[in-house]
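# Overview (structure and organization)
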Amino acid sequence: MGKGLFEVLFEYWPIFLKGLWGTLKYAFIAVTLGSILGALVAIVHLSKKKAVSSLAAVYVNVLRGTPLLVQMYISYYFIPMAIPALNSIDKIYYVMLALTLNSSAYVAEIIRSGIGSVDRGQAEAARSLGLSGGQTMTRIILPQAVKNILPALGNEYIAMIKETSLAGTFMLYELMYTRTILANKYLVWQPQLIIAGIYLAVTLLLSAGVKKMEKRLSVSD
Amino acid sequence: MTEIGIPLIETVGLTKKFGELDVLKGISERIYKGEVVSVIGPSGGGKSTFLRCLNLLETPTSGKVLFEGAELSEKSTDLDAYRRKIGMVFQQFNVFPHLKVIDNITLAPVLTGKMSREEANAQALELLEKVGLGDKAEEYPRKLSGGQKQRLAIVRALAMQPDVMLFDEPTSALDPEMVKGVLEVIQKLAESGMTCVIVTHEMGFARKVSGRVLFIDGGVIAESGTPEEIFDHPKNPRTQEFLAQVL
Ligand SMILES: Nc1ncnc2c1ncn2[C@@H]1O[C@H](COP(=O)(O)OP(=O)(O)OP(=O)(O)O)[C@@H](O)[C@H]1O
Ligand SMILES: [Mg+2]
């Protein structure tokens, strides 16, 4: 059995802390960049032209319909192999690329359904007053859609915190990677439980935050 | 009919299909400036669709919609510019919940460059006063009753100083005690000379305010005439049957 849980936590807390920091950081970067990209994808998806809109649909379906781990492998091994010029780029960027693209697909759907949740009558009223399509979107639809979009983005961040655990496979220093580090010191079961505990604590905390945000945003109904 | 000149709104052979469903089967109608026209008829007959075609919220399948002789359904038409002249009031109010009452009203006039913010504010307060909402300017719509929301929606449309107002069953979603206040506002508006097209199930109201009544059934105007002609001496058996049911 060896050392107890608290003994390990006490002795190696800086390693776990660094891992947690990595997890939060990578998830944040992926969701932030993913949100920008996802917003663009959502705009394309909302296009009235069928051909244009289905382009976005394919993008979303491919990224949501294949496992993130597979996307990471493709990004990590395939891209540098296919384009040798990119070989010098730090591999970490390929992992981040996969995380970002994956997140952008989910965010695109979040934004699209957020916009779709606004009653059709709102757009009709705005257009009947003579507002343009763009004015209607920015002044009437989006301000109301945010209420649904922001909490869902919070949930996407929480989901991404769990997803980044796959990045440890590619030697990114995040929470799951601490397992590899400590396994070298013949510590196996303790780090796993500690890691699980940290994930749980963080996601519960953030979920509570999202709930609170949801409540505050819904006041204006 | 004694009207002369160009109709304010004219439809020519207007049809509308939703998929396989023929909702409007060729409606040709003229509405002149200053007219108050009520549209009655059985549910599903196409009243709302007809009304929504007048400002192209629904795109006609074929036929024309003309505003002062200009064809709205033409691709080159600046539709937004024409919609600014056509106010619309919906059954479900569709007030903007994220904007204060005053901002609901001033948004369009300011955003479209029709007025400065000061002008728009002054006009909004004046209009609110007229419909008995003078003390609600700084409230959010969630604080308003259904009747107050609908009066706000009417004021919001009037703030664009339109040439015509379209009403789609403006009182159907209201509790009975709220109906009167809203109908009074519409009646005053009609009496002030505003051109109005009103889809309604309130037959008493239609008889009182309108100069002309259209009975729409099965996607066509099955009968039209003065309130006396339609309500007291309907010729079409379908009109007679409908009125027997609702009166
Ligand atoms: N967007 C739409 N898509 C498909 N069918 C529609 C749509 N809008 C209306 N319809 C159908 O068109 C027909 C006419 O509808 P419309 O709303 O114009 O009737 P109405 O006379 O206003 O009825 P009501 O008195 O119930 O409001 C109905 O059968 C309705 O189901
Ligand atoms: Mg209707």
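Given the structure is predicted, the values throughout are model-derived calculations rather than measurements. (Residues numbered from 1 in each chain as written. Chains lettered and ligands numbered in written order. Predicted model: local features only at pLDDT ≥ 70, side-chain atom pairs only at ≥ 80, totals over all residues. Heavy atoms only, no water.)

## Regarding the overall build of chain B
Secondary structure assignment for chain B yields 9 helices and 10 strands. Taken over C-alpha atoms, the radius of gyration comes to 18 Å for chain B, in line with the 18 Å a tight globule of 247 residues would show. Its C-alpha atoms put chain B at 50 × 45 × 40 Å along the principal axes. For chain B, buried positions account for 55% of its 247 residues. Pairs at least 24 residues apart make up 66% of the contacts formed inside chain B by residues separated by at least 6 positions. Total accessible area computed for chain B in this model is approximately 10,900 Å², and 48% of it derives from carbon and sulfur atoms. Looking at chain B, you have 29 positive and 34 negative side-chain charges, and the mean spots of the two groups are 3 Å apart. (Helix = DSSP H or I, 4+ residues; strand = E, 2+ residues; numbered from the N terminus. Rg over C-alpha atoms; globule rule 2.2 N^0.38 Å. Buried < 20%, exposed > 50% of the residue type's maximum accessible area, 1.4 Å probe, protein only. Contact = heavy atoms within 4.5 Å. Areas by Shrake-Rupley, 256 points an atom, 1.4 Å probe, with all protein chains shown as cover. Lys, Arg positive; Asp, Glu negative; His and termini not counted. Charge placed at Lys NZ, Arg CZ, Asp CG, Glu CD.)

## What to know about the sheet that holds strand β3 (residues 36-40) of chain B
All names here are of chain B. Reading across from one edge, β6-β7-β8-β3-β9-β10 is the order of the 6 strands in this open sheet, with mixed pairing throughout. Sheet topology places β6 (86-89) and β10 (220-225) at the edges, where each strand pairs with a single neighbour. Taken over all neighbouring pairs, the strand axes of this sheet differ in orientation by 20° on average, direction set aside. Both β3 and strand β8 (residues 195-199) contribute to a ladder of 4 bridges, which runs parallel. Looking at the pairing, Val-39 lines up with Val-199 of β8. Sheet strands in contact with helix α9 (residues 237-246) are β3, β9 (212-217) and β10, and its direction is about 95° off that of β9. (Pairing = 2+ DSSP bridges. Axes fitted to C-alpha atoms, helices over the stretch in contact; angles between N-to-C directions.)

## Here we look at the pairing of β10 of chain B
Regular strands place side chains that alternate from one sheet face to the opposite one. Bridge analysis of β9 of chain B against β10 of chain B gives 5 bridges, and the strand direction is antiparallel. Counterpart to Ile-216 of chain B in the pairing with β10 of chain B is Ile-221 of chain B.

## Let's talk about the interface of chain B and chain A
Facing 23 residues of chain B, the contacting portion of chain A comprises 21 residues. By the criterion of area lost to chain A, the three top residues of chain B are His-98, Leu-111 and Arg-142 of chain B, representing 28% of everything that side buries. The interface formed by chain B and chain A contains 2 salt bridges. Across the contact surface, chain B and chain A share 7 residue pairs in polar contact (both at pLDDT 80 or more). For the side of chain B that touches chain A, the secondary-structure elements that each account for two or more residues are α2 (79-83), β6, α3 (101-111) and α5 (146-158) of chain B. Looking at the side of chain B that touches chain A, the element that brings in the most residues is α3 of chain B, giving 3 residues. For the side of chain B that touches chain A, the residue count by class is 13 nonpolar, 4 polar and 6 charged. (Buried area = accessible area lost by both parts, 1.4 Å probe. Salt bridge = Lys/Arg side-chain N within 4 Å of Asp/Glu carboxyl O. Polar contact = N/O pair within 3.5 Å; in protein donor to acceptor, adjacent residues only side chain to side chain. Nonpolar A, V, L, I, M, F, W, Y, C, P; charged D, E, K, R; others polar.)

## Observations regarding the state of the cysteines
Residue and element names in this part refer to chain B. Summed over the entire model, instances satisfying the criterion amount to 0 disulfides over all chains. No disulfide involves Cys-53; its sulfur sits 20 Å from that of Cys-196, the nearest cysteine. The class for Cys-53 is buried, based on a relative accessible area of 0%. Cys-196 sits in the buried class, given a relative accessible area of 0%. (Disulfide = S-S within 2.5 Å.)

## Observations concerning the site of ligand 1
All names here are of chain B. Within the structure, ligand 1 sits among 13 residues, and Ser-43, Gly-44, Lys-47, Ser-48 and Thr-49 are positioned closest to it. Ser-48 is positioned such that a nitrogen or oxygen atom in its side chain is 2.7 Å from an oxygen atom of ligand 1. With the chains in place, 62% of the 630 Å² that ligand 1 exposes on its own is no longer accessible. Per-element tally for the shell around ligand 1: the top contributor is helix α1 (residues 47-54), with 3 residues. Its residues placed into classes, the shell around ligand 1 shows 4 nonpolar, 7 polar and 2 charged. (Near = heavy atom within 4 Å.)

## Notes on unusual backbone geometry
Residue and element names in this part refer to chain A. Even without glycine at this site, Met-171 takes up a positive phi of about 70°. Mapped onto the elements, Met-171 comes out in the loop between α6 (133-163) and α7 (177-183). The class of Met-171 is exposed, set by a relative accessible area of 54%. Look at Tyr-186: it is not a glycine, yet its phi comes out positive at around 60°.

## Brief notes about the layout of surface pockets
Estimated volume of the largest pocket: approximately 1,000 Å³. Around the largest pocket sit 26 residues that line it, and Lys-48, Ala-123, Arg-127, Gly-133 and Met-137 of chain A are the ones nearest its centre. Mapped onto the lining of the largest pocket, the elements with two or more residues apiece are α1 (5-45), α4 (92-116), α5 (120-128) and α6 of chain A. Of all the elements, α6 of chain A adds the most residues to the lining of the largest pocket, at 7 residues. In terms of residue class, the lining of the largest pocket is made up of 15 nonpolar, 3 polar and 8 charged. What the second largest pocket holds in volume is close to 330 Å³. Lining the second largest pocket are 14 residues, and of these Leu-127, Lys-130, Leu-158, Leu-189 and Ser-192 of chain B sit closest to its centre. (1 Å grid on protein atoms, 1.4 Å probe; cavity = no way out; pocket = protein on both sides within 12 Å on 5 of 7 lines; lining within 4 Å. Points joined across faces, edges and corners; volume = space filled by probe spheres on them.)

## Points about the environment of Thr-180 of chain A
With respect to the element layout, Thr-180 of chain A can be found in helix α7. When the C-alpha positions of Thr-180 of chain A and Val-107 of chain A are compared, they lie 31 Å apart, and in sequence the two are 73 residues distant.

## Topic: the environment of Gly-22 of chain A
As for its position among the elements, Gly-22 of chain A is in helix α1. The spatial distance from the C-alpha of Gly-22 of chain A to the C-alpha of Phe-170 of chain A is 13 Å, given a sequence separation of 148 residues.

## Quick word on the packing of α4 of chain A against α6 of chain A
Between two packed helices, what matters for the description is the angle formed by their axes and the separation of those axes. Residues and elements named next belong to chain A. Packing of α4 against α6 brings their axes to within 8 Å, and their N-to-C directions diverge by 140°. One way to sum up the angle between α4 and α6 is to call them oblique. Considering only the axes of α4 and α6, their crossing is right-handed. Residues Leu-99, Asn-102, Ser-103, Tyr-106, Val-107, Ile-110, Ile-111, Gly-114 and Ile-115 of α4 form the contact with α6, whose own contacting residues are Met-137, Ile-141, Leu-142, Ala-145, Asn-148, Ile-149, Ala-152, Leu-153, Glu-156 and Met-160. Residues of the contact of α4 with α6, tallied by class, amount to 14 nonpolar, 4 polar and 1 charged. (Parallel < 35°, antiparallel > 145°, perpendicular 65-115°, else oblique. Left-handed = near helix turned anticlockwise from the far one by under 90°.)

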